[in-house]
Amino acid sequence: MSLSNDTIESIAALLHDAERDVRDVVKVTDAQPDLTTERAYDVQDALRARKLARGVRLVGMKMGLTSYAKMAQMGVDTPIYGFLGSDNAVDDGAAVETSALIHPKVEAEIAFVMRDALQGPDCSVEQVLAATECLLPAIEVIDSRYENFRFDLPSVIADNTSAARYVIGSKAASADGRDLESIGVVLEKNGQVVEVGAGAAVLGNPARAVAMLVDMLHARGQSLAAGSVVLSGAITAAVAVEAGDDVQVRIDGLGSTGLRFV
Ligand code: 0L1
Ligand code: MG
């Protein structure tokens, strides 16, 4: 049975307040087993509307579960998307208040900054690259609002795909002629290399994740706005962090970016 709009709003309120109050909750499908993937995106839209209503600006979008390894681990065959608000953005090298997060983890990603808007269906890698203003190294901080990161697909979509914070580098690099499949990525914590990877970990090419985002938005009557920052998905496994940690990401030809957890 399809959930009512009141129920969708009440799930959005629960997740909004859990994030605000830095409090974990059980996955929403425990109470609402009929929540479908489609209605979970309705919850995410309602969550976004709540944030915009309190003055948060929409900055961009993110893709999640983009590696075949993570999809297999979750038992799903499709990535998911979420939104990035101005409250998620952190300046390059700045401090993240750890007490404002529940159980943060970091992921190394490539950020696309879109010069042009993109509209599905059938968005191609070539269209994504042609519409890209620049590429930047990025760190996504994910922080599921669910106890012990325990969720299923509808629950994590409703929870805005665990989006919490992100930082992007400050030196823009062109996408022209860049080999995004074999581009090398290093994630360091406290000066030690903790994860390495290559762009191909993200659906074979991170630009493919952006194309998929455009098509997924199209399926819901939406499009990717010009000026959007897009986090294309984790190239490395997510690494748990705590106060006192310093995290850096270095990406071949794109430079580096970092965060400090205080
Ligand atoms: O950005 C991501 O790939 C995370 C998606 C949500 C799954 C998780 O929290 O691990
Ligand atoms: Mg991510």
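Going by the structure above, here's the rest.
Residues numbered from 1 in each chain as written. Chains lettered and ligands numbered in written order. Predicted model: local features only at pLDDT ≥ 70, side-chain atom pairs only at ≥ 80, totals over all residues. Heavy atoms only, no water.

## Quick word on the overall build of the chain
Note the threshold: Numbered from the N terminus, helices here are DSSP runs of H or I no shorter than four residues, and strands are runs of E no shorter than two. Two things to know: the radius of gyration comes from C-alpha atoms, and the globule rule equals 2.2 Å times the number of residues to the power 0.38. We call a residue buried when its accessible area falls under 20% of the maximum for its residue type, exposed when it is over 50%, and partly exposed in between, using a 1.4 Å probe and counting protein chains only. By the convention used here, residues are in contact when the closest approach between their heavy atoms is within 4.5 Å. Residue burial considers only the protein chains on display, and all accessible areas are found by Shrake-Rupley using a 1.4 Å probe. Neither His nor the chain ends is counted toward charge; the positive residues are Lys and Arg and the negative residues Asp and Glu. By convention, charge coordinates are those of NZ in Lys, CZ in Arg, CG in Asp, or CD in Glu.
Helices and strands together make up the secondary structure of the chain, namely six helices and 13 strands. On C-alpha atoms alone, the chain measures out to a radius of gyration of 17 Å, which is about the 18 Å that the 2.2 N^0.38 rule sets for 262 residues. Its C-alpha atoms give the chain principal-axis dimensions of about 50 × 45 × 35 Å. Sorting the 262 residues of the chain into buried and exposed places 53% on the buried side. Within the chain, counting contacts between residues at least 6 apart in sequence, those at least 24 apart form 76% of the total. About 10,800 Å² of surface is accessible on the chain, with carbon and sulfur atoms providing 49% of the total. Charged side chains in the chain number 23 positive and 37 negative. The centres of these two groups are separated by 3 Å.

## Examining the site of ligand 1
The line we're drawing: Think of it this way: one heavy atom of a residue within 4 Å of a molecule or strand is enough to make that residue near it. The definition of a polar contact used here is a pair of N or O atoms within 3.5 Å, where within protein one atom must be able to donate a hydrogen and the other to accept one, and adjacent residues in sequence count solely through side-chain atom pairs. Residues are sorted three ways: Asp, Glu, Lys and Arg are charged, Ala, Val, Leu, Ile, Met, Phe, Trp, Tyr, Cys and Pro are nonpolar, and all the rest, Gly among them, are polar.
For ligand 1, the full set of nearby residues is Lys62, Gly64, Leu65, Lys70, Glu107, Glu140, Ile142, Phe149, Phe151, Val156, Thr161 and Ser162. A distance of 3.0 Å separates an oxygen atom of ligand 1 from a polar side-chain atom of lysine 70. A distance of 3.2 Å separates an oxygen atom of ligand 1 from a polar side-chain atom of glutamate 107. Starting from 300 Å² of accessible surface for ligand 1 in isolation, the protein chains cover 96%. Secondary structure elements with two or more residues in the shell around ligand 1: strand 1 (58-64) and strand 6 (132-142). Along the lines of polarity and charge, the residues of the shell around ligand 1 split into five nonpolar, three polar and four charged.

## Looking at the pattern of salt bridges
Definition in use: Criterion for a salt bridge: a side-chain nitrogen of Lys or Arg within 4 Å of a carboxyl oxygen of Asp or Glu.
Here the structure, examined in full by the defined rule, presents 19 salt bridges. With a shortest N-O distance of 3.0 Å, glutamate 19 and lysine 51 are connected by a salt bridge. Taken together, the residues glutamate 19 in helix 1 (residues 5-21) and lysine 51 in helix 2 (residues 37-53) connect sequence positions 32 residues apart. On the basis of relative accessible area, glutamate 19 is assigned to the buried category, the value being 18%. Bridged by salt links that share partners, the residues Glu38, Arg39, Asp42, Asp45 and Arg220 form one connected network.

## A closer look at helix 1
Worth spelling out the cut-off: An expected span of 1.5 Å times one less than the residue number is assigned to each helix.
With 17 residues, helix 1 ought to run about 24 Å at 1.5 Å a step, and its terminal C-alpha atoms sit 24 Å apart, in line with that. The complete set of buried residues in helix 1 reads Thr7, Ile8, Ile11, Ala12, Ala13, Leu15, His16, Ala18 and Glu19. The elements touched by buried residues of helix 1 are helix 2 and helix 5 (153-158). Looking at the residues trailing helix 1, positive phi occurs at valine 22, about 55°.

## Some points on the coordination of the magnesium ion (ligand 2)
Which entries qualify depends on this criterion: Donor criterion used throughout: N, O or S atom within 2.8 Å of the metal, extended to 3.2 Å for Na, K and Ca. Water excluded; incomplete-looking sites may result.
Within the protein, Glu107 (OE), Glu109 (OE) and Glu140 (OE) serve as the donor atoms for the magnesium ion (ligand 2), at 2.0 to 2.1 Å. One chain supplies every donor to the magnesium ion (ligand 2), and in sequence these donors are spaced E-x1-E-x30-E. Pair noted here: glutamate 107 is in strand 5 (residues 105-114) and glutamate 140 is in strand 6, with a separation of 33 residues, a long-range link. Of the two residues examined, glutamate 107 and glutamate 140, each falls in the buried class.

## Considerations on the nonpolar core
This is how the line gets drawn: The criterion is simple. A nonpolar core is a set of buried Ala, Val, Leu, Ile, Met, Phe, Trp, Tyr and Cys residues joined through side-chain atoms within 4.5 Å.
Grouped together as the largest cluster of nonpolar side chains are 75 residues, with contacts concentrated most on Leu35, Val106, Ile110, Phe112 and Leu224. It is helix 6 (residues 206-219) that provides the largest number of residues to this core, a total of eight residues. With near-sequence residues (within four places) excluded, isoleucine 110 lies in contact with Leu135, Leu136, Leu180, Ile183, Pro206, Val230, Leu231, Ser232, Ile235, Ile251 and Leu254. In this structure, Leu84, Cys134, Leu136 and Val229 belong to the second largest nonpolar core, which totals 10 residues.

## Side note on the side chain of asparagine 160
Mapped onto the fold, asparagine 160 is located in the loop between helix 5 and strand 7 (163-168). Side-chain polar atoms of asparagine 160 contact the backbone nitrogen of phenylalanine 83, separated by 2.8 Å. In contact with asparagine 160, not counting residues within four places along its chain, are Gln44, Leu47, Gly82 and Phe83.

## Observations concerning the pairing of strand 9 (residues 192-198)
Spelled out, the test is: Here, a strand pair is defined by DSSP locating no fewer than two bridges between the strands.
In this structure, strand 8 (residues 184-189) lies alongside strand 9, joined through six bridges in antiparallel fashion. Within strand 9, the residue paired with leucine 187 across the bridge is glutamate 195. Remark: two residues form the turn of the hairpin made by strand 8 and strand 9, two consecutive strands paired antiparallel; asparagine 190 in that turn has positive phi of roughly 50°.

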